[in-house]
Amino acid sequence: MRLNKFISSCGIAARRKAETLILSGRIQVNGKIVLAPFYEVDPRNDIVTFDHKELQLIEKVYYVMNKPAGYVCASADKFDPVVVSLITDYEGKLYPIGRLDKDTEGLLIITNDGTFTHNVLHPSKRIPKEYEALLNIPINERQAENWRKGVDTPDGRFVTPVRLEIMDREPANRWVRVVIISGHKHEVKLMANGAGFSVERLIRRKIGKMTLETLKTGEYARLSISELSTKIFNGGIV
Ligand code: URA
């Protein structure tokens, strides 16, 4: 197993951070500093240490959550409560994947598997995400059509949604369903700004074909990696 994967599988850092740790010289294999992220280790026979403490592979866990507003997607934060603090049946370190803003609600994946993003949710896999957005003012079909054709975002990009439709939901003509592929920060809010609106409430409803339906706000469910992947790629509700 490659050293960077070994470290992210020990739960101390996600894959990219694992590489930084290796390059900083704090990782040793059998007593020698190794600076190469792709160095091959044998998890059964080699002793890998981080700041001289031995690392052990840990069981990988996967959660899906209905994120409440007011929680930040980080493993720790000085000022705000973090989403991982809502998970009370697991003691180790966890990371949210595919961040949602503090005020955004809805479907979120949380795991200690640092390679999951890379293998399953990497942007190259182009997994669509579906959001429901409450706009500040009503939108009409002509404005929706302009938004579909693409908008200039305040940060200087031209972006088009994969899908945009006005929802049949109260208050009338204020809710839109937006599907995006890009993983840019604040993408839905920036798109809405580009189209002449601001977003008052944002809920992520789907990741790939996995749909948030049964989990109530703040609730979560633990899944195996195959259950999770099946829901994302073949469909399923949580
Ligand atoms: N787009 C946003 O603007 N915010 C999110 O939290 C997710 C997508």
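Our structure is the block above this text.
Described in the following lines is the structure provided in the data block. Residue positions within a chain follow its written sequence, with the count starting from 1. Predicted model: local features are reported for residues with pLDDT of at least 70 only, side-chain atom pairs are reported and counted for 80 or more only, and whole-chain, interface and lining totals are derived from all residues.

Considering the site of the ligand
- Using a C-beta atom placed from the backbone for every residue, we mark a residue as near a molecule or strand if that atom lies within 6 Å of it. Around the ligand, the neighbouring residues are Leu100, Asp101, Thr104, His186, Glu187, Val188, Lys189 and Leu202.
- Residue polarity is assigned by list, with Asp, Glu, Lys and Arg as charged and Ala, Val, Leu, Ile, Met, Phe, Trp, Tyr, Cys and Pro as nonpolar; anything else, Gly included, falls into the polar class. Here the residues of the shell around the ligand are counted per class, giving three nonpolar, two polar and three charged.
- Note that the domain bounds reflect an automated or database-derived domain assignment. Built from parts of two domains, the shell around the ligand gets at least three residues from each of domain 2 (62-124 + 212-237) and domain 3 (128-207).

Section: the sheet that holds strand E3 (residues 48-50)
- At least two DSSP bridges between two strands are required for those strands to pair. Elements are defined by DSSP. Helices are runs of H or I of four residues or more, strands are runs of E of two residues or more, and each kind is numbered from the N terminus. If you walk across this open sheet you meet the four strands as E2-E1-E3-E4, and the pairing is antiparallel. Two strands in the sheet have a free side with no partner beyond their single neighbour: strand E2 (32-33) and strand E4 (53-54).
- In terms of strand pairing, E3 meets E4 through two bridges, oriented antiparallel. Each residue of the ladder has a partner; that of phenylalanine 50, found in E4, is lysine 53.

Re the environment of arginine 26
- Here arginine 26 is to be found in the loop between helix H2 (15-23) and strand E1 (27-29).
- Its 13 C-beta neighbours within 10 Å are what place arginine 26 among the partly exposed residues.
- The spacing of arginine 26 and aspartate 51 is 25 residues in sequence and 5.3 Å in space, taken between C-alpha atoms.
- Those residues in contact with arginine 26, other than ones at most four positions away along the chain, are Leu21, Phe50 and Asp51. With C-beta atoms placed from the backbone, a residue counts as buried when 20 or more other C-beta atoms lie within 10 Å of its own, as exposed when 12 or fewer do, and as partly exposed for counts between those limits. The contact criterion used is a C-beta to C-beta distance within 7 Å, with each C-beta placed from the backbone.

Digging into unusual backbone geometry
- That bond from glutamate 170 to proline 171 is cis: its omega, -10°, falls within 30 degrees of zero.
- Relative to the elements of secondary structure, proline 171 occurs in the loop between strand E11 (163-166) and strand E12 (175-180).
- A positive phi angle is found at histidine 186, which is not glycine, with a value near 55°.
- As for its position among the elements, histidine 186 is in the loop between E12 and helix H5 (187-194).

As for H5
- By the burial criterion, the buried members of H5 are Val188, Lys189, Leu190, Met191 and Ala192.
- Looking one or two residues beyond H5, the residue adopting positive phi is glycine 196, at roughly 95°.

Here's the deal with the pairing of strand E13 (residues 199-207)
- Both strand E7 (residues 105-111) and E13 contribute to a ladder of two bridges, which runs parallel. Following the sheet pairing, glutamate 105 is matched in E13 by isoleucine 203.
- In terms of strand pairing, strand E8 (residues 129-135) meets E13 through seven bridges, oriented antiparallel. Bridging across to E13, leucine 134 finds its partner in arginine 201.

Digging into the environment of asparagine 140
- One can find asparagine 140 in the loop between E8 and helix H4 (141-149).
- Asparagine 140 sits in the exposed class, given 9 other C-beta atoms within 10 Å.
- As for asparagine 140 and isoleucine 166, which are separated by 26 residues in sequence, their C-alpha atoms are 8.1 Å apart.

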